Structures are given as C-alpha cells and as structure tokens.
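A closer look at the structure
Residues per chain, in single letters:
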Amino acid sequence: MPAPAPAATTPDPLDRYSRQVRFPALGEAGQRALMKSRVTLCGCGALGTVLANHLARAGVGHLRIIDRDFIETHNLQRQILFDEQDVADNLPKAEAAARKLRLINSSIEIEPVVTDIDHTNAIDLMGDADLILDGTDNFETRYLINDASVKLNKPWIYGGVIGSEGQTMTIIPGETPCLRCVIETAPPPGMTPTCETAGVLGPAVAVIASFEAVEAIKILSGAKAALNRDLIMVDLWDWTFRQLKISGLHGKVDCPCCKHRKFEWLEGEMGSHTTALCGRNAVQVASRRPEPLKFAEMADRLKGVGDVRHNAFMLRFATEGYEFTVFPDGRAIIKGTNDIAKARTLYSQFVGV
C-alpha cells in the first residue's frame, strides 16, 4: 500500500515577518501586537505612500487610508505606490494604494476611504484606531488630527517635508507636548515655502516617512520606552540633522488644546471647507451631500461644456480654461485657479450649490 499523504500544515502567519521578528527589540510578542493593530493614515501622497508601504509590509492588521485626491503624472516622482496606469485609469489615491498593498500583503485588511477629512468626520475616521499617522500636506488637517488625538487620547505622528528638509515628532496625549504646544498657529499664507515654490525631493520624503514608520512600529508593538521625544529636523541636501528638545513644554505652555481642551479645529471654529491645494494651482471645494452624486445624470447635463468622463470614483470635465474633478460626496477639485472665491463661483455654476 502506498504511504499515506502527509497531513496538510497551515503556514505560520509569522513566517513572512521572520526577519522582523528576529530583531530582538520587536520579537514575536511585538509582531503579534502589530498584527492586531489598527492604523488610520491621513493622506496618501508622498509621505502617505511610503508610510502605507512600510506598515503593510510590517504586518499592521488594519490600515485605513484616507485621501481626497486623484493621481497626476507629477505625483510619480515621489509617491511610490502609483504608476502611469493609475493616472490613465483616473484612480483616486486611496483606491490605487489599496490595490497595490493588497498585492503586497493579502493577510492584512486595507480600507481605502476617498474623502476629505474635516470636523464632521474626523472622530468617526480616527476613533477606532490605535494610532493616527500624518501623511498630509497642510497644517489645517494636522491641527484637526491633533484635536482628535487629544480628545480621543490616541497617539499620532506628525511629519512634513518641503524641498530637501523635513521634520517629524511623536505625540502621546498626556505624556508629550501636542502639536499646538510646539506650533500654536499655522504660518500665514505666502510667508513660508510650499511644494510649489520650493519643490520637494523624493528621498527627503522617504527619510521622514521612514522615521514616522519606525515610531509607529514602536507604538503598536508596545515599545513606548524607545520612542523619540524630540522634534527631529533633517536637511538631506545640506546634510544636517537636529533634535529640538521639546519634552519640557508638556504642561508648561498655555496650550489651548491639551491644557484647556479647546478643540477649535475639531468643532469647526477654525479652518475652512474650501482649500487651495499645495503646488497644484487648484482649489478644493467641499460640499457634503446626504446621497452620492449620480454621475451619469450629471455627465448628461454637462455634455454641452465639452468632453465629460466618469467612472465609479470621479467625474472630470474641462471648460473655460478650468479642469473639474468631482467626487461622489460632492467635493470638487477645480484646477486653473488659486482664488477660493472664484472656485466657489465656478462650483456653483457647473456642479451646483
């Protein structure tokens, strides 16, 4: 008689992370904690794609990717999860990133959310996360994240890059200064460089996002003693690295957020619903609706203005020198102007109030 076939064995889920598990500071316990963790990633552009890539490969159990934007060719220089086919397919960044990440690691849950983070949805999007990560490009969203982090008592990691320089800090409510302890108000428009005026180098993005990612792994695996407590500033072109000691600010500054628990951004007292987009000569007009837009009907109504294209994720058309990208929730990105008032007028004319 032939020998019986060997019993099938279930692969150990830790096998794919074996090189990570062998790192003594993480180990098996830390890896298992990572696999049970939930992360909300706010923004999936330059910083966000590097962060998502690192965390998906590291085995974070549930990764919610939130982004309001779509992919353009100039993104490919630094946004590592996207390619030219994504541009041709008119895919939103969150959806395109999720498709790539599911091919990288099918054992984790990837949740793409194509929306704008604002005071009406921040708590819902971040409330069940163990950690919130900054992949954004503007301080308005960062202050909103900071408010939500302090109110929910959830850690978050700030990061930002312009040109060849970037900075990052880890924020643990109740233990470290929050963002507003260190940067109480955003710089006035036009007073600081932006990605439009100063450009941005892909390697600088990769360094700062990698700093954020390793801090994320520490938090999620329970290695809080190893966390960075400083504001880290790096310039790759000048080859400078600085650590600004900020831990002494905790409880010592008159912070409106973590000391007085005034959540001005989260309560809608601060910030706007119409935003000029960094480096895009474009404005986003946010107009939330109770039901998704019906793109087929909208395309029929707009057919007189020119070529109208749509898929399940967006509708696009151009008219009068402006390019419109409209999302199901009523948001629109209007390219061809940085004038918020003009953008609102165009939105009213072509999309509706």
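Now for a description of the structure that goes with this document. The model shown is predicted, which means the values in this text are computed figures rather than measured ones. (Residues numbered from 1 in each chain as written. Predicted model: local features only at pLDDT ≥ 70, side-chain atom pairs only at ≥ 80, totals over all residues. Heavy atoms only, no water.)

Direction vectors running N to C along helix α3 (residues 46–58) and helix α10 (residues 202–221) enclose 40°, while the axes themselves pass 9 Å from each other. One finds that α3 runs oblique with respect to α10. For α3 against α10, the interelement crossing comes out right-handed. Counted together, Ala46, Leu47, Val50, Leu51, His54, Leu55 and Ala58 of α3 and Val205, Ala206, Ile208, Ala209, Ser210, Glu212, Ala213, Ala216 and Ile217 of α10 form the full contact between these two elements. Classifying every residue of the contact of α3 with α10 by side-chain character gives 13 nonpolar, two polar and one charged. (Axes fitted to C-alpha atoms, helices over the stretch in contact; angles between N-to-C directions. Helix = DSSP H or I, 4+ residues; strand = E, 2+ residues; numbered from the N terminus. Parallel < 35°, antiparallel > 145°, perpendicular 65-115°, else oblique. Left-handed = near helix turned anticlockwise from the far one by under 90°. Contact = heavy atoms within 4.5 Å. Nonpolar A, V, L, I, M, F, W, Y, C, P; charged D, E, K, R; others polar.)

Attention shifts here to the sheet that holds strand β9 (residues 274–277). Across the sheet, six strands lie side by side as β9-β10-β14-β13-β12-β11; this open sheet has antiparallel pairing. Either end of the sheet is taken by a strand with one partner, and the two such strands are β9 and β11 (308–310). The mean inter-strand angle of the sheet, taken between neighbouring strand axes irrespective of direction, is 20°. Sheet topology note: the strand β10 (residues 282–285)/strand β14 (residues 332–335) ladder contains four bridges and is antiparallel. In the strand pairing of β14, Val283 is matched with Ile334. (Pairing = 2+ DSSP bridges.)

On to the sheet that holds strand β1 (residues 38–42). Spatially, β3-β2-β1-β4-β5-β6-β7-β8 is the arrangement adopted by the eight strands of the open sheet, whose pairing is mixed. Taken across any chain shown, the strands that pair with only one partner, and hence form the sheet edges, are β3 (109–114) and β8 (240–245). Across the sheet, the mean angle separating the axes of adjacent strands is 15° when strand polarity is ignored. Most of the contacts of helix α7 (residues 139–152) go to strand β5 (residues 156–162), to which it runs at about 170°, and overall it touches β1, β4 (131–134), β5 and β6 (165–171). Across the sheet, α10 touches β1, β4, β5, β6, β7 (230–235) and β8, and the angle it forms with β5 is around 175°.

Turning our attention to the nonpolar core. Residues Val39, Leu63, Ile65, Leu101, Leu131 and Leu133 are the most contacted members of the largest nonpolar core, which totals 43 residues. Among the elements of the structure, β1, α3, β2 (62–67), α5 (93–104), β4, β5 and α10 are those that each provide at least two residues to this core. At eight residues, α10 tops the list of elements feeding residues into this core. Setting aside chain neighbours within four positions, we find Leu131 in contact with Arg38, Val39, Thr40, Pro155, Trp156, Ile157, Ala216, Ile219 and Leu220. (Core = buried A, V, L, I, M, F, W, Y, C linked by side-chain atoms within 4.5 Å. Buried < 20%, exposed > 50% of the residue type's maximum accessible area, 1.4 Å probe, protein only.)

Look at Asn90: it is not a glycine, yet its phi comes out positive at around 55°. Residue position: Asn90 is located in the loop between α4 (84–88) and α5. Positive phi, close to 55°, is recorded for Glu320, a residue that is not glycine. Considering the arrangement of structural elements, one finds Glu320 in the loop between β12 (315–319) and β13 (322–326). A residue is classified by how much of its surface remains accessible, and Glu320, at 56% relative accessible area, is exposed.

Relative to the helices and strands, Asp67 resides in strand β2. Buried and without a salt bridge, Asp67 has Lys93 as its closest oppositely charged side chain, separated by 5.1 Å. In terms of polar contacts, Asp67 uses its side chain to reach the backbone amide nitrogen of Cys44, at 2.6 Å. The contact partners of Asp67, leaving out residues within four places of it in the chain, are Gly43, Cys44, Gly45, Lys93, Ala94, Val113, Val114 and Thr115. (Lys, Arg positive; Asp, Glu negative; His and termini not counted. Salt bridge = Lys/Arg side-chain N within 4 Å of Asp/Glu carboxyl O. Polar contact = N/O pair within 3.5 Å; in protein donor to acceptor, adjacent residues only side chain to side chain.)

A separate point is the packing of aromatic side chains. Across all of its chains, the model carries eight aromatic pairs by this definition. Relative to Trp265, the ring of Tyr143 lies with its centre 5.1 Å away and its plane at 25°, an arrangement referred to as stacked. Of the two residues, Tyr143 is situated in helix α7 and Trp265 in the loop between β8 and β9; the sequence distance between them amounts to 122 residues. Comparing Tyr143 with Trp265 shows no difference in burial state: the two are buried. Aromatic pair Phe317 and Phe324: ring centres 4.5 Å apart, planes at 10°, arrangement stacked. We note that Phe317, like Phe324, is buried. Through successive ring pairs, a cluster of aromatic residues spans Phe139, Tyr143, Trp156, Tyr158 and Trp265. (Phe/Tyr/Trp six-rings, centres within 6.5 Å; stacked < 30°, edge-to-face > 60°.)

Our focus in this paragraph is α5. Between its first and last C-alpha, α5 extends 17 Å over 12 residues, near the 16 Å set by a 1.5 Å rise per residue. Turning to α5, its buried residues are Lys93, Ala94, Glu95, Ala96, Ala97, Ala98 and Leu101. Among the structural elements, α3, β2, α4 and β3 are those in contact with the buried residues of α5. (Expected span 1.5 Å × (residues − 1).)

Turning to its location among the elements, Asn228 is positioned in the loop between α10 and β7. Taking relative accessible area as the criterion, Asn228 reaches 15% and is therefore assigned buried. Only 2.7 Å separates the side chain of Asn228 from the backbone oxygen of Asp230, close enough to count as a polar contact.

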